[in-house]
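In case you want the letters, here they are:
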Amino acid sequence: MQIPFLDLKSQYLSIKTEINSAIQNVLDNSAFVLGKAVSDFEAEFAKAHNIKYCVALNSGTAGNHVVLWSLGIKPGDEVIIPVNTFIATAWGATLCGAKPVFVDCDPDSYNIDPAKVERAITEKTKAIVAVHLFGQPADMDPLKQIAAKYNLFLVEDSAQSHIAEYKGIKVGGFGEATSFSFYPGKNLGAYGEGGAFVTNNPELAKKAKMIRDHGTLQKYQHEIFGHNYRMEGIQGAVLNVKLKYLTNWTFARRRVANKYKELLSNVNNIKLPKEMPYAKHVYHLFVIQVRDDSKSNNAELRNLLANYLTEKGISIGFHYPIPLHLQECFKYLGYKKGDFPVAEALANNCISLPMYPELTDAQIEYVCTNIKDFFNHGVESNHSVLNNLKAN
Ligand SMILES: *Cc1c(COP(=O)(O)O)cnc(C)c1O
């Protein structure tokens, strides 16, 4: 059986007629950049998160940038960022000329550990970026308290967590502003690049709208510096169709996650993702950790399992194999191995299993059976396979 990591094609086929006519409509109207399809989507997306304003952009990275830019983050400022995230979160700070300051994650939620945030604050700190990683909201209440205590901006990166909930409230409105990504593989994905900026603050919304379009509200009147971060009409049209299905697709992702958890609950060598009591997880990714209690570094065993599953036709991923502080581009920040032990362990141990709404029970069972078979061969025999490979 072949099980892809993502199956964008089968989702497209399920809504093909609607998508094709929405795209045809954009072609007929020649509204290729912004336009009605995009403004309709902005209104619906804001509504889906109970937020007042949505400014559609051409990527989630643009969102990370505009969130901090609209708040006036500038060179000399420091921005607190979880070390365990996709690198685009950090580009938000670097594109503003600011310094990213990393904080380790919590071992259960994999999100920024609020207990470690306070230690990273200096007199230069201006903002905290909470990332809702893998589909699970970060613990926002303690972050809000810290932000208030030190007078910092709190913002969200919700690229992986459309319509996720924290204590029963949708993400997106816990801080000053939030970025979303509509990269095709995200829970709500465009058919190309896409992103959004959302806020309840009318001044910030106005600023984001100007930044997106060369610093203008009126053509050729450039009040402030800007960029070209405009969403394309076709992406707005596609997203508008897909948004209607997001609740059902999210429900299906949670069903897949529950099935994985049920079938893998008695496998001793893995740690399953934990849905925190405050969270409604939307399972952008289903990340398990491989554990071998006889070893401190489980990377070898993790890699063996990854190879085994790949040979069985199951596509897997590592999210993320190198934490941000160990990336070459951040060498100048002076971090070293050992600085963020929770994120470093996760980088060695993690495997992301196939996760999308269309996964069938038979596919989930096939993945789980193969994971169990791998461990039933015995951890020791798998290590000896590896040692033999090394010896040859
Ligand atoms: C995907 C992602 C982004 C960037 O989004 P793009 O649309 O690919 O630019 C930012 N932050 C996180 C956490 C992401 O997963």
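Rules behind the numbers
- Residues numbered from 1 in each chain as written.
- Predicted model: local features only at pLDDT ≥ 70, side-chain atom pairs only at ≥ 80, totals over all residues.
- Heavy atoms only, no water.
- Helix = DSSP H or I, 4+ residues; strand = E, 2+ residues; numbered from the N terminus.
- Buried < 20%, exposed > 50% of the residue type's maximum accessible area, 1.4 Å probe, protein only.
- Pairing = 2+ DSSP bridges.
- Contact = heavy atoms within 4.5 Å.
- Axes fitted to C-alpha atoms, helices over the stretch in contact; angles between N-to-C directions.

Caption draft 1: Unusual backbone geometry, seen in detail. Here the amide bond leading from His-319 into Tyr-320 is cis, since omega sits at 0 degrees, within 30 degrees of zero. By secondary structure assignment, the location of Tyr-320 is in the loop between α11 (299-311) and α12 (341-349). You will see that Tyr-220, though not glycine, has its phi angle at about 70 degrees, which is positive. Among the structural elements, Tyr-220 can be located in the loop between α8 (202-212) and α9 (233-243). Taking relative accessible area as the criterion, Tyr-220 reaches 66% and is therefore assigned exposed.

Caption draft 2: Region of the structure containing the sheet that holds strand β12 (residues 286-290). Strand order in the open sheet made by the three strands is β10-β12-β13, with antiparallel pairing throughout. Of all the strands in the sheet, just β10 (270-271) and β13 (350-353) have a single pairing partner and so form its edges. Bridge analysis of β12 against β13 gives four bridges, and the strand direction is antiparallel. For Gln-289, the partnering residue across the bridge sits in β13 and is Cys-350. On top of the sheet, α11 reaches β12 and β13; it is set at about 25 degrees to β13, its chief contact.

Keep in mind these numbers describe shape, not what the thing actually does.
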